[in-house]
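# Structural characterization, general
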Amino acid sequence: MKVCIYGAGAIGGYLGVELAQVEGVEVSLIARGSHLAAIRENGLKLDIGEEQHVAKVTATDDPKELGPQDFVIVALKTHQAWEIADQMVPLLGPDTAVVTCQNGVPWWYFHGVDNAYRNLRLNTVDPDDRQWDLIGPQRAIGCVVYPATEITAPGVIKHTYGNKFAIGEPDGSISERCQRLSEVLEKAGFKAPVLPNIRDEIWLKLWGNLCFNPISALTRATLDVVATDPGTRALSRNMMEEAQRIGARLGVHFRVDVERRINGAARVGAHRTSMLQDLEKGRQLEIDALLTAVQEMGRLVDLQTPHIDSVLALVQQLGRTQGLYPVFPEEAGSPESLVVD
Ligand SMILES: NC(=O)C1=CN([C@@H]2O[C@H](COP(=O)(O)OP(=O)(O)OC[C@H]3O[C@@H](n4cnc5c(N)ncnc54)[C@H](OP(=O)(O)O)[C@@H]3O)[C@@H](O)[C@H]2O)C=CC1
Ligand SMILES: CC(C)(CO)C(=O)C(=O)O
């Protein structure tokens, strides 16, 4: 089985190192810069518990070198995945499945849903339908990422907690390809249930990311603080309730309530959310798949999202002033255009 990890960073690197130990799985890694150079020189290293696992596998920044795969696991940040959609094409054979191993609302979200929004494209996560057209939603397998990991040095990933990657077909079927993927993931030591309702699980994760991540970036507070400080907890709750109403209109079932979800996040402890880490490292912020897409879905189902809108506006502006989020001049307007005679 040929498995390519597109984006062998914190999460992709964790998956890649462990999958490379499974007999019969030929893993290749796509990375870049000093991280790629270190992987080529010393292998990709994973610090996990007291151990260090090392994978010496093919690593490149050029997908054309690898050819068609059985599975492409996309573990890029969501905006990066949109950018490289055309470079995925050489990896795609007739039956290649593409696993979106990311936070947020995936670009294929409305593929095959059984409601009025069937096959609707989300402009905020897939402008110009780039991934939809170049990759094709029929290839997509959803994946919810529960672990926390970090790149600590070029070529080195540190595992912090968790080993679960839930997967599922957009149409809810327990397909042969999902079962095959789950089997190799389990052999690699992960928990990899195949779920019949992957969108419910995507929302459950998204529920936390859409509030904790931007609030932590805006305040520099860790997850435990955001979830327990009365003010930020109340703001998180308000954002989550808005999101829950949107999800409910789209047929999503939330299997825990808001308080339980926030308490679960608090128990993770003094974790710097990925958006806070990106801010501190000067890396582009993953705002659109976590927040803007939820706002877009809210407009779609005719629901107001005042708390989400406010936090989104603030974190977008933070991103822009730090050069970590795109500026669209046509949206920004000019002070002159706002002068009222
Ligand atoms: N890390 C975590 O604990 C968690 C992450 N997630 C989600 O998982 C997804 C992946 O996140 P994460 O692993 O943290 O991200 P990382 O930035 O650690 O990994 C992405 C990797 O892909 C590389 N990359 C980007 N563009 C290209 C390209 N064109 N060619 C080759 N390599 C490229 C990046 O390089 P460069 O650094 O040069 O950009 C980076 O090494 C995100 O959606 C995130 O929200 C979910 C739960 C937890
Ligand atoms: C830890 C957690 C769950 C915070 O919402 C996360 O997914 C992140 O940091 O991106």
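Residues numbered from 1 in each chain as written. Chains lettered and ligands numbered in written order. Predicted model: local features only at pLDDT ≥ 70, side-chain atom pairs only at ≥ 80, totals over all residues. Heavy atoms only, no water.

### Regarding the nonpolar core
- Of all hydrophobic cores here, the largest spans 51 residues; its most connected members are W203 and M297.
- Every element with two or more residues in this core is listed here: α6 (198-219), α7 (223-228), α8 (230-249), α9 (258-268), α10 (274-281), α11 (288-300) and α12 (306-321).
- Among the elements that make up this core, the one with the highest residue count is α6 (nine residues).
- Of the residues that make up this core, three or more belong to each of domain 1 (2-195) and domain 2 (199-335).
- Setting aside residues no more than four positions away along its own chain, W203 makes contact with Y109, A243, I246, G247, L250, V252, F254 and M297. (Core = buried A, V, L, I, M, F, W, Y, C linked by side-chain atoms within 4.5 Å. Buried < 20%, exposed > 50% of the residue type's maximum accessible area, 1.4 Å probe, protein only. Helix = DSSP H or I, 4+ residues; strand = E, 2+ residues; numbered from the N terminus. Domains from an automatic or database assignment. Contact = heavy atoms within 4.5 Å.)

### A few points about the site of ligand 2
- In the neighbourhood of ligand 2, the contacting residues comprise N103, Y161, K205, N209, N213, H271, T273 and S274.
- Note that an oxygen atom of ligand 2 is positioned 3.0 Å from one of the side-chain N or O atoms of K205.
- Note that an oxygen atom of ligand 2 is positioned 3.0 Å from one of the side-chain N or O atoms of N213.
- In isolation ligand 2 has 280 Å² of accessible area, and contact with the protein removes 88% of it.
- Ranked by residues supplied to the shell around ligand 2, first place goes to α6 with three residues.
- A class-by-class count of the residues in the shell around ligand 2 yields one nonpolar, six polar and one charged. (Near = heavy atom within 4 Å. Polar contact = N/O pair within 3.5 Å; in protein donor to acceptor, adjacent residues only side chain to side chain. Areas by Shrake-Rupley, 256 points an atom, 1.4 Å probe, with all protein chains shown as cover. Nonpolar A, V, L, I, M, F, W, Y, C, P; charged D, E, K, R; others polar.)

### A word on the sheet that holds strand β7 (residues 92-101)
- Spatially, seven strands are ordered β5-β2-β1-β6-β7-β8-β11 in an open sheet, and the strand pairing comes out mixed. Every other strand in the sheet has two partners, leaving β5 (58-60) and β11 (165-168) as the edge strands with one partner each. Strand after strand, the sheet turns through a mean of 20° between neighbouring axes, direction not considered.
- Most of the contacts of helix α1 (residues 10-19) go to strand β1 (residues 2-6), to which it runs at about 155°, and overall it touches β1, β2 (26-30), β6 (69-74), β7, β8 (140-145) and β11.
- Across the sheet, helix α5 (residues 176-187) is in contact with β6, β7, β8 and β11; its angle to β11 comes to roughly 165°. (Pairing = 2+ DSSP bridges. Axes fitted to C-alpha atoms, helices over the stretch in contact; angles between N-to-C directions.)

### Quick look at the domain arrangement of the protein
- The domain architecture assigned to the protein consists of domain 1 (2-195) and domain 2 (199-335).
- Once you take the C-alpha centre of each, domain 1 and domain 2 turn out to be 23 Å apart.
- Between domain 1 and domain 2, roughly 2600 Å² of surface is buried when both sides are summed, and carbon and sulfur atoms account for 57% of that area.
- Run the count over domain 1 and domain 2 and you get two salt bridges.
- Note that E150 and K281 form a salt bridge whose closest N and O atoms lie 3.4 Å from each other.
- Taken together, the connections running from domain 1 to domain 2 amount to 13 residue pairs in polar contact (both at pLDDT 80 or more).
- Those elements that provide at least two residues to the side of domain 1 that touches domain 2 are α3 (78-83), β8 and β9 (148-153).
- Looking at the side of domain 1 that touches domain 2 element by element, the count peaks at three residues for β9. (Buried area = accessible area lost by both parts, 1.4 Å probe. Salt bridge = Lys/Arg side-chain N within 4 Å of Asp/Glu carboxyl O.)

### As for helix α2 (residues 33-42)
- Among all positions in α2, only H35, L36, A38 and I39 are buried. End-on view of α2: buried residues confined to an arc of 165°, all on one side of the axis. Among the exposed residues of α2, those pointing more than 90 degrees away from its buried face are G33, R40 and E41.
- In this fold, the buried residues of α2 make contact with β2, β3 (44-48), β5, β9 and β10 (156-161). (Arc of directions from axis to C-beta.)

### Examining the pairing of β10
- Alignment of β3 against β10, held across three bridges, turns out to be parallel. Opposite K45, over in β10, you have V156 as the bridge partner.
- Across five bridges, β9 lies against β10 in antiparallel orientation. Bridging across to β10, E150 finds its partner in K158.
- Hairpin connection from β9 to β10: two residues lie between these consecutive antiparallel strands, with G155 at a positive phi of about 80°.

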